[in-house]
Amino acid sequence: MKICVISFDFWGYDQYIVEALRTKNIDAHHIKIGDITHSGFGERAANAVSKIFLNKNLKKEKRQKFVTDSLKGLGYQDQVLVLNPDTFDLSTLEFIRKNTGRLITYLYDSLDRVPVEKEKLILFDKIFSFDIADISKYGYEKITNYIYLPYTSCNSQHPETDLFYITSYDNKRIALIKRLTKRLLELQLKFRIMVIGKKGWKHQLKNLFVAVPENLHIVFSIKKISHTQLPEYYRRSRVLLDLTREQQYGLSFRVFEAMALEKKIITDNELIKSYDFYNPNNILVLNENCSNLERSFFEMPYEKIPDDIYRKYTLDHWVNTVFKLNT
C-alpha cells in the first residue's frame, strides 16, 4: 500500500504519522511544504515586489509546484492525507485528487479560526476533525490529536518546578496568565512560563506585573522552540498548563503529551470533562478567577489512566482509524 501525507507541518508533528505507517510495512512518504522557502535574498526581494505590484505570492506558488512535482515523482497513491488544506490552492488539491484512490483530511483547527473553502472540502472522501463544534455542525468524523511520545512513568522523573507552560503570544492567554500567576504566587508554587511570538519582545514583565517576584520565571521570545525539545521541559515539571485559543473546542497536543509523560494538566477547556480519560485528580479545569486552584492538586499523586483508554489515544490507533488499516 502507498500512502502519502501532505502538509505544511509547522510544528513538526506530521512526520510521526509517516513513521508509524512505515512500521506497518507501508510505503509512506511526507511532502512537507513548510521546508520550502526563499533560497536567498534575491528570491525574498522578488517575492516582496511580486506581492506588492502583481498581487502574486511567489513563495506560495513555489510550494504548490513542490507538491505537484513531488507527487508526480512518487506516483499514484492508494491514500493521501492532506493536513492544513487551507494552505493549498484548489488546483493543487484537484491534482492530488486525481492521483489517489482515497483523499482524506484532518482539521486540527476549527473552521471558525481557519476557514476552508467548500470547493476544497468537497474534494475529500473523508473529513476528520478534533473540533466538537465543527463535528456537530458539519457531521465530520471526530478524532482527537494523538499520543506520539513514548510512555514514561511519572515515577521515573524528578520534577524541579510545580508548573510549566509554553505558548504562542495571544491576548486572551496573557490575560489569564496574569490571574493564574497571582494565584500560583499566593500558593507559593514554583513555575516557568514561556511566551513565544514576534509580539513578545514588546511586552516586558513590567507590562504584566507591578513587581516581579523572585520565584516568577516568565520568558518572552521570538524564537520558536522545536517540539522535540519540549518533552525535556515537561519532565522537569509536576503539572503542565494548557490554555485554549479563541474559538477552540478541541484538545491540543499538550493534553496527549501530558498523558504520555503522566503529567497532570491545568486547563481552561471545560469540554475536557466529556472525555473518558478525564479524572479530576489529574486534570483541573480553571474557573474564571483561578480561585479553584489549590496546592493539594500538585501534592496528590498522579492516577494512572487505564490501559484500554490510553491505547485509544495512541498514534497507532489514530493511524489505523484514519487510514482504515484494520478493516
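Note: the structure precedes this text.
All values reported here derive from a predicted model rather than from experimental measurement. (Residues numbered from 1 in each chain as written. Predicted model: local features only at pLDDT ≥ 70, side-chain atom pairs only at ≥ 80, totals over all residues. Heavy atoms only, no water.)

Draft legend 1. Spotlight on the side chain of Thr-92. Within the secondary structure, Thr-92 is located in helix H4 (residues 90-98). Within polar-contact distance, the side chain of Thr-92 engages the side chain of Gln-64 at 2.7 Å. Once you skip the residues sitting within four places of it in the chain, Thr-92 turns out to touch Gln-64, Val-67 and Thr-68. (Helix = DSSP H or I, 4+ residues; strand = E, 2+ residues; numbered from the N terminus. Polar contact = N/O pair within 3.5 Å; in protein donor to acceptor, adjacent residues only side chain to side chain. Contact = heavy atoms within 4.5 Å.)

Draft legend 2. Spatial organisation of the packing of helix H1 (residues 15-22) against helix H12 (residues 315-322). Close contact between H1 and H12 brings their axes to 10 Å; oriented N to C, the two are set at 80°. Classified by the angle between their axes, H1 and H12 sit roughly perpendicular to one another. From H1, Tyr-16, Ile-17, Ala-20 and Leu-21 reach across to H12, where they touch Leu-315, Trp-318 and Val-319. Counted by class, the contact of H1 with H12 contains seven nonpolar, no polar and no charged residues. (Axes fitted to C-alpha atoms, helices over the stretch in contact; angles between N-to-C directions. Parallel < 35°, antiparallel > 145°, perpendicular 65-115°, else oblique. Nonpolar A, V, L, I, M, F, W, Y, C, P; charged D, E, K, R; others polar.)

Draft legend 3. Here's a closer look at the packing of aromatic side chains. Enumeration over the complete set of coordinates arrives at 19 aromatic pairs. Judged by centre distance (5.2 Å) and plane angle (70°), the rings of Tyr-13 and Tyr-148 are edge-to-face. Of the two residues, Tyr-13 sits in the loop between strand E1 (2-7) and H1 while Tyr-148 sits in the loop between strand E6 (141-142) and strand E7 (161-168), which places them 135 residues apart along the sequence. With a relative accessible area of 10%, Tyr-13 lands in the buried category. Taking the centre distance of 6.0 Å and the plane angle of 85° together, the rings of Tyr-151 and Tyr-310 count as edge-to-face. Placement of Tyr-151 in the loop between E6 and E7 and of Tyr-310 in helix H11 (residues 307-311) is noted, with a sequence separation of 159 residues between them. (Phe/Tyr/Trp six-rings, centres within 6.5 Å; stacked < 30°, edge-to-face > 60°. Buried < 20%, exposed > 50% of the residue type's maximum accessible area, 1.4 Å probe, protein only.)

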